[in-house]
Amino acid sequence: MTMTLKLPTDNLSPIRPVVPPRVTAGPKDDDGGRKGGNDADFETGTVTKTRPKTKRPNLYRVLLLNDDYTPMEFVVLVLQDVFNKSREDAMRIMLHVHQKGVGECGVYPYEVAETKVTRVMDTARKNQHPLQCVMEKQ
């Protein structure tokens, strides 16, 4: 089936192509859109944000040093109080320090290790014991 379209012949002007006016992006309005623009003028895509890989903190060993004056029971109490060790673990660490001269109380990030060393040293000084505690990078 064909259809014929009849146009009026009076006042016909030559046919010119219709060109839409060029639309450019204007200043932003309050809602973040653009005035005077349309979405065809903007590229679309996915924004990806790369996260920097976080580095694990350095760990430090907290060590107790043996001396000939600090009572064994005091060392056990310090291990229980400062390092939250059970009585059995505290006894085992204390005997290791006594026999080997040095023993590891735990491994912690820098700030935690520093705090534990300070607590041990302060407790020993307050009780007039020469107990020494140090930390070393693991």
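Thresholds applied
Residues numbered from 1 in each chain as written. Predicted model: local features only at pLDDT ≥ 70, side-chain atom pairs only at ≥ 80, totals over all residues. Heavy atoms only, no water. Helix = DSSP H or I, 4+ residues; strand = E, 2+ residues; numbered from the N terminus. Buried < 20%, exposed > 50% of the residue type's maximum accessible area, 1.4 Å probe, protein only. Areas by Shrake-Rupley, 256 points an atom, 1.4 Å probe, with all protein chains shown as cover. Axes fitted to C-alpha atoms, helices over the stretch in contact; angles between N-to-C directions. Left-handed = near helix turned anticlockwise from the far one by under 90°. Contact = heavy atoms within 4.5 Å. Nonpolar A, V, L, I, M, F, W, Y, C, P; charged D, E, K, R; others polar. Expected span 1.5 Å × (residues − 1). Arc of directions from axis to C-beta. Pairing = 2+ DSSP bridges. Core = buried A, V, L, I, M, F, W, Y, C linked by side-chain atoms within 4.5 Å. Salt bridge = Lys/Arg side-chain N within 4 Å of Asp/Glu carboxyl O.

Asker: A description of the overall build of the protein should follow, citing residues and the corresponding values.
Answerer: When helices and strands are counted, the protein shows three helices and three strands. Taken across its 138 residues, the protein has 22% of its residues classed as buried. Carbon together with sulfur atoms contributes 52% to the accessible area of the protein, which is approximately 11,600 Å² in total.

Asker: Before we move on, could you go through the packing of helix H1 (residues 72-83) against helix H3 (residues 110-126) and cite the residues and values that matter?
Answerer: Where H1 meets H3, the closest approach of the two axes is 10 Å, and the angle between their N-to-C directions is 140°. In terms of crossing hand, the pair formed by H1 and H3 is right-handed. On H3, the residues that touch Phe74, Val78, Asp81, Val82 and Phe83 of H1 are Lys116, Arg119, Val120, Thr123 and Ala124. Of the residues assigned to the contact of H1 with H3, the class counts are six nonpolar, one polar and three charged.

Asker: Now, about the side chain of Lys116: what can you tell me, with residues and values included?
Answerer: Counting through the fold element by element, Lys116 comes out in helix H3. Filtering out sequence-adjacent residues up to four positions away, Lys116 remains in contact with Val82, Phe83 and Tyr108.

Asker: Tell me about H3, residues and numbers included.
Answerer: Compared with an ideal rise of 1.5 Å per residue, which puts 17 residues at 24 Å, H3 spans 24 Å between its outermost C-alpha atoms and is within 8% of the ideal. Buried within H3 are the following residues: Ala113, Lys116, Val117, Val120, Met121 and Ala124. Buried residues of H3 fall within an arc of 130° about the axis and therefore sit on the same side. Pointing more than 90 degrees away from the buried face of H3 are the exposed residues Glu111 and Lys126. Looking at the buried residues of H3, the elements they touch are strand E1 (59-65), H1, strand E2 (102-109) and strand E3 (132-137). Following H3 by one or two positions, Gln128 adopts a phi angle in the positive range, close to 55°.

Asker: Before we move on, could you go through the sheet that holds E1 and cite the residues and values that matter?
Answerer: Within a beta sheet, neighbouring strands are joined by backbone hydrogen bonds and run either parallel or antiparallel to one another. On the basis of which strands lie adjacent, the open sheet formed by three strands has the order E2-E1-E3 and antiparallel pairing. Every interior strand has two partners, whereas the edge strands, E2 and E3, have only one. Between one strand and the next, the sheet's axes are offset by a mean angle of 25°, whatever the strand orientation. Bridging between E1 and E3 involves six bridges; their strand directions are antiparallel.

Asker: Report on the nonpolar core, specifying residues and quantitative values.
Answerer: In terms of nonpolar packing, the biggest core is built from 23 residues, with Val62, Leu64, Leu79, Phe83, Val120, Leu131 and Cys133 touching the most fellow members. Within the residue set of this core, elements represented by two or more residues are E1, H1, helix H2 (87-100), E2 and H3. A per-element tally of this core places H1 first, with seven residues. If sequence neighbours within four positions are ignored, Leu64 has contacts with Val75, Leu79, Val97, Gly101, Val102, Gly103, Cys105, Val120, Leu131, Gln132 and Cys133.

Asker: For the pattern of salt bridges, give the residues involved together with the corresponding values.
Answerer: Per the stated rule, a full pass over the model turns up five salt bridges. Between Glu104 and Arg61 there is a salt bridge, and its shortest N-O distance comes to 2.5 Å. Separated by 43 residues along the polypeptide, Glu104 in strand E2 and Arg61 in strand E1 bring together distant segments of the chain. Among the ionic pairs, Glu136 bridges to Arg61, the shortest N-O distance being 2.7 Å. Residue Glu136 is located in strand E3, and its partner Arg61 is located in strand E1; the two are separated by 75 residues in the primary sequence.

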